[in-house]
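Working through the structure, step by step
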Amino acid sequence: METFEDWIRELTTSQVGRIFWANYQYDLRKNNLDSEVNNNFQISVESRLEDSSSAVELIDAVISDEPNNFDLKCSRRPGKAEAYSRVMEVTDLAVYNLRLDEVGLELDAEVGSRVWDKLGTTITSYYHKDTMKTGRNFFWCLPSKRLSAIETTVEPNQKASAVRNQLGLYHIDKDRRLLRIDIPSDALAGRVIRAPTSLDAGPNVVFVPCDDDNGNGWAINLETLSNSVEELIIEGLSFDSSYTVTKIGIVSEPLPDLNMDILESNALNRS
Amino acid sequence: MTSPSNDPIWSPSAQLAWLEGLSSENLKDWLRRLLWARSAYPLVIPSQAMAITYLADVMGKGSPKLTSTVREVVPNLLQEWGRNDPTQCLDNLLVLCGLLRCASAEPIIAAIIRERLASRPDEIELRKRCFSVLGGFGCSEHTAPLFYRYLEDIDYSAYCFRALYKYDLNSAVTTLPTVVTVHKASGRLEALKGVLDFLFFDYLNRRQRVALWRDIIKSTKPEKLEEMLRTLQSVDIVLSAPVDESQDIEVIYNYSLGEPRTAGEKVEFKDFRVAEVAAINRALEDFLRSSNRMAQAVGAPS
């Protein structure tokens, strides 16, 4: 690959690449991303063409190396302040956001189930630590009222599966334990909250960019592959005892089969 | 390394199939690139996931052959990590070791604790991670000296205490007073409560709890025992207040610390359920009668 056009050509030889490119073009067309971000992206891609073996790999390299240029750049933001919640797998919380050193809880394959069993009793908000984020310095969330609505409209033993499916969490398989983390309103003061763009999502097939009038993004329902509930991203927040963590449940259903052709068709034909 | 179709692989099941097809050397190369260069290609990591725990989950569902290969390769990569490499890289390796039970990494992790980490704040965090993974493997005759060595360091005390009592419950008799003292001196009483909740109310059954308390009472000097009990009382591990026996709570040890001690004052073990208290008390009274030291501890004439 020698030019940006070469990169696009190679990128769009794969279905994952075509979906990413269609989503990115949509973000530009709808002014979710401005021309400066686009220019920076092109420059950054071109500067790495010699080093990269794959067009898709290069996307990850660009967005992870330059968070200031490409994270949380959507021009749309939610029009009104409201309460937000994050859905998180318990092992992630145990490994990255709890001071298990203080109780001496060992890190092994059962750490998630041990924390799950003791959450709210021995393991309290006292043990929260570090930053609420993913591998990048932001995390995905949805309005708390939407999450509550999902939780209250299904049978208790179906809650976790319903939340997983409606939030498009295709990396959460059967038997995983899901937590709800309610973000305290104080923590959001002055923080960046945006609808996610294709650059926030990276080369992920289960993502839809939006031009929602209210400034929200939308998750994809894993069962219908259509838009499901509002989703937003928030810059990394200090995770302290003011956050409320509650159990949603254990995912009881296997992942639905995702039809990539439908996902690609939806991305290419989005108006 | 590419996928057969040269397409990036996004579904967890296809990712597992791809990993299953790698040779040991190729898996090692791919993991090295993931950990040192942060590239999972051709695998696509979901944007909402934490890469390492996600991949550990994917690999954890693999065949015995993949599991065996991973458990051989990850410790080798851990051996490659040097002080000039990114600390995040070591943390990720340790998380993989823990979640995927790479027990052959034990001597390497022990060496990292002893030799490759100093006392910078980020290195203390990494040493904690090392201890958490070693604790997951279980303390052994090789690592027990290391756990004993760091028991009195508040940063690692809880890990060391738990690993040692799981290795040999009798060790709690001598290590509990140390752990209580270390936590009290550091003002970490909330954490101490968690540590002891896990020991008394999660790890031990009723019979073991009573037996452990007896051994602690027998082998701890009276003044130290009293101080320790006061500390444990302050975090509700030991209750001194009269308990309404109809309440469905557990009382491990009832010692009237709040009141002036009187000659012959009784010490009670209660470990609810109510119906079984009498038997425990009878056993305890037998014990108290045979323990001159305990009688001194509660103010009885010797």
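My aim in this report is to walk through the structure given alongside it, one point at a time.

Rules behind the numbers
- Numbers given to residues run from 1 along each chain, matching the order in which its sequence is written.
- Lettering of chains starts at A and numbering of ligands starts at 1, both following the order in which they are written.
- Only residues with pLDDT of at least 70 get local features here, since the model is predicted, and only at 80 or more are side-chain atom pairs given and counted; chain-wide, interface and lining totals rely on the full set of residues.
- By convention in this description, side-chain values take in all heavy atoms of the structure and omit both hydrogens and water.
- Whether two residues touch is decided by their heavy atoms; if any such pair falls within 4.5 Å, the residues are in contact.
- Buried area is understood as the total, over both parts, of accessible area removed when two parts are fitted together, assessed with a 1.4 Å probe.
- For salt bridges, the criterion is a side-chain nitrogen of Lys or Arg within 4 Å of an Asp or Glu carboxyl oxygen.
- Polar contacts, as used here, are pairs of N or O atoms within 3.5 Å; protein pairs need one atom able to donate a hydrogen and one able to accept it. Residues neighboring in sequence count only if both atoms are side-chain atoms.
- Working definition: helices are DSSP H or I runs of at least four residues, strands are E runs of at least two. Numbering for both runs from the N terminus.
- Residue type decides the class: Asp, Glu, Lys and Arg count as charged, Ala, Val, Leu, Ile, Met, Phe, Trp, Tyr, Cys and Pro as nonpolar, and the leftover types, Gly among them, as polar.
- Here is the rule: rings of Phe, Tyr and Trp (six-membered ring for Trp) pair when centre to centre is within 6.5 Å. Planes less than 30 degrees apart are stacked, more than 60 are edge-to-face, and the remainder are tilted.
- Only when the NZ atom of a Lys or the CZ atom of an Arg is both within 6 Å of the ring centre and within 35 degrees of the ring normal do we say a charge sits over the ring.
- Categorising residues by exposure relies on relative accessible area from a 1.4 Å probe, with only protein chains included: less than 20% of the type maximum marks a residue as buried, more than 50% marks it as exposed, and the intermediate range marks it as partly exposed.
- In this scheme, strands are said to pair when DSSP sees at least two bridges between them.

Let us now look at the interface of chain B and chain A. Of the residues lining the interface, 48 residues belong to chain B; the matching set on chain A comes to 52 residues. A per-residue breakdown of the area chain B buries against chain A is headed by Trp 10, Gln 48 and Met 50 of chain B, which together make up 19% of the total. At the surface where chain B touches chain A, the tally comes to 9 salt bridges. One salt bridge in this structure joins Asp 173 of chain A and Lys 61 of chain B, with 4.0 Å as the shortest N-O distance. Counting across the interface, chain B meets chain A through 16 residue pairs in polar contact (both at pLDDT 80 or more). Looking at the side of chain B that touches chain A, the elements that each hand over two or more residues are α3 (51-60), α5 (87-99), α7 (121-137), α9 (157-167) and α11 (189-203) of chain B. Per element, the largest residue contribution to the side of chain B that touches chain A is 8 residues, and it comes from α11 of chain B. Grouping the amino acids of the side of chain B that touches chain A by side-chain chemistry returns 21 nonpolar, 11 polar and 16 charged.

Another aspect to go through is the packing of aromatic side chains. According to the stated counting rule, one finds 23 aromatic pairs over all chains in the structure shown. Relative to Trp 10 of chain B, the ring of Tyr 170 of chain A lies with its centre 5.6 Å away and its plane at 70 degrees, an arrangement referred to as edge-to-face. Taken as a pair, Tyr 170 of chain A in the loop between α9 (159-166) and β4 (177-182) and Trp 10 of chain B in the segment before α1 (12-20) lie in two separate chains rather than in one. Each residue in the set Phe 4, Trp 7, Phe 20, Trp 21, Tyr 24, Phe 41 and Phe 70 of chain A is aromatic and connected to the rest through ring pairs, giving one cluster. Its end group placed over the ring of Tyr 126 of chain A, Arg 99 of chain A keeps NZ or CZ at 4.8 Å from the ring centre. In this structure, Arg 270 of chain A packs its charged tip against the face of Tyr 26 of chain A, placed 5.8 Å from the ring centre.

Okay, the pairing of strand β3 (residues 138-143) of chain A next. All names here are of chain A. Counting buried positions over the 6 residues of β3 gives 6, a clear majority of the element. Of the pairings in the sheet, the one linking strand β1 (residues 84-89) to β3 comprises 2 bridges and is antiparallel in character. Residue pairing for β3: Ser 85 is matched across the bridge by Leu 142. Of the strand pairs in this sheet, β3 and strand β7 (residues 227-235) are connected by 4 bridges, and their pairing is antiparallel. Its bridge partner being in β7, Phe 138 is matched across the sheet by Glu 235.

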